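Listed here are the chains, written in short residue letters.
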Amino acid sequence: MKIGKEMISAQEIDDKLAEMGAAITADYRGKDLLLVGILKGAFVVMADLARHIDLPVEFDFMAISSYGSATKSSGVVRILKDLDQEIADRHVLIVEDIVDTGLTLQYLLKNLSVRKPASLSLAALLIKDGVERPPLDIAYEGFHIPPKFVVGYGLDLDGKYRNLPYVAEVEGVD
Ligand code: 5GP
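Residues numbered from 1 in each chain as written. Predicted model: local features only at pLDDT ≥ 70, side-chain atom pairs only at ≥ 80, totals over all residues. Heavy atoms only, no water.

1. With respect to the sheet that holds strand 1 (residues 2-8)
Just so we agree on the cut-off: Strand pairing requires that DSSP identify at least two bridges connecting the strands. The helix and strand labels rest on DSSP assignments: H or I over at least four residues marks a helix, E over at least two residues marks a strand, and numbering proceeds from the N terminus.
Read from one edge to the other, the open sheet built from 3 strands follows the order 1-9-8, with strand pairing classed as antiparallel. A single partner strand is all that each edge strand has here, and the edge strands are strand 1 and strand 8 (150-151). In this sheet, strand 9 (residues 167-171) lies alongside strand 1 in antiparallel orientation, the contact comprising 4 bridges. When the sheet's bridge partners are listed, Ile8 is paired in strand 9 with Val167.

2. A word on helix 2 (residues 43-50)
Using the following cut-off: When accessible area is computed with a 1.4 Å probe and restricted to protein chains, residues below 20% of their type maximum are described as buried, those above 50% as exposed, and intermediate ones as partly exposed. Residues are treated as being in contact if the distance between any of their heavy atoms lies within 4.5 Å.
Buried within helix 2 we find Val44, Val45, Met46, Leu49 and Ala50. Buried positions along helix 2 lie against helix 1 (10-28), strand 2 (33-39), strand 3 (58-66), strand 5 (91-99) and strand 6 (119-128).

3. Section: a negative patch on the surface
Basically, it comes down to this: Residues qualify for a patch when their relative accessible area is over 30% and they have no salt bridge, like charges being joined within 9 Å and the nonpolar side chains of Val, Leu, Ile, Met, Phe, Trp and Tyr within 5 Å. The Shrake-Rupley method, run with a 1.4 Å probe, gives the accessible areas here. Residue values count only the displayed protein chains as cover. The term salt bridge refers to a pairing of a side-chain nitrogen on Lys or Arg with a carboxyl oxygen on Asp or Glu at a separation within 4 Å. Note on charges: Lys and Arg go in the positive column, Asp and Glu in the negative column, and His and the chain ends are not counted at all. We put the charge of a Lys on NZ, of an Arg on CZ, of an Asp on CG and of a Glu on CD.
Taken together, the side chains of Glu6, Glu12, Asp14 and Asp15 present a region of like negative charge at the surface. Tracing the backbone through its elements, the reader meets Glu6 in strand 1.

4. Looking at the sheet that holds strand 7 (residues 140-145)
How we decide: Lines fitted to C-alpha atoms define the axes, with helix axes restricted to the stretch in contact, and inter-axis angles between N-to-C directions lie between 0 and 180 degrees.
Read from one edge to the other, the open sheet built from 6 strands follows the order 4-3-2-5-6-7, with strand pairing classed as mixed. A single partner strand is all that each edge strand has here, and the edge strands are strand 4 (77-81) and strand 7. Strand after strand, the sheet turns through a mean of 25° between neighbouring axes, direction not considered. Set on the sheet, helix 2 makes contact with strand 2, strand 3, strand 5 and strand 6; between it and strand 2 the angle comes to about 155°.

5. Overview of the pattern of salt bridges
On inspection of all chains with the given rule, the structure shows 12 salt bridges. Measuring nitrogen to oxygen at the nearest pair gives 3.0 Å for the salt bridge that ties Lys2 to Glu171. Here Glu171 lies in strand 9 and Lys2 lies in strand 1, a separation of 169 residues in the sequence. Here Asp32 and Arg90 are joined by a salt bridge, their closest N and O atoms 3.2 Å apart. Taken together, the residues Asp32 in the loop between helix 1 and strand 2 and Arg90 in the loop between strand 4 and strand 5 connect sequence positions 58 residues apart. For Asp32, a relative accessible area of 40% puts it in the partly exposed group. Taking the relative accessible area as the measure of exposure, Arg90 reaches 11% and is therefore buried.

Have a look at this one:
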């Protein structure tokens with residue numbers, strides 16, 4: 001496997017995050033917003049998106065492990081790190097790097113909604129098209145991409161390439 005061509009440039013990502021941040025700012029003005037980033041992948045999106053949100057947001061993180069091979073999600077999710085904070089009566093926005101099968105987000109929505117937040121919404125930078133998934137209402141969407149394995153901007157291949165400032169395809173993944 002090797003890193004293929006750039007799919008989304010750093011500039012395109014920043015422009016998109018600025019749009020998403022503006023929409024979030026408008027929607028949550030006057031509300032107390034908690035951003036929940038899903039580690040490890042979403043830490044880059046979270047940092048850059050949050051700086052385009054013009055509100056006094058708070059941050060929390062969950063770490064999730066999805067069983068399966070390096071490049072395919074299995075849908076079986078284990079919480080490695082739970083939230084530090086209670087979310088009852090808070091406005092919560094889950095920030096995810098990429099939605100593939102949607103199983104991780106489906107699990108998280110179920111897990112967090114029983115804690116009775118005031119609202120629970122989703123933001124995702126990348127959404128893979130052409131993948132069958134449960135219906136998910138993603139309020140803040142970045143880019144729709146073909147169903148290829150990608151790296152960079154927080155996304156890894158065997159733990160590496162998360163620091164690429166752009167999103168790239170990986171060659172040699174079926
Ligand atoms: P889902 O549960 O939606 O199938 O998968 C979500 C998680 O799988 C993402 O948060 C990410 O960690 C991982 N994932 C899905 N597709 C890709 C991909 O193309 N590249 C990388 N590096 N990780 C992916």
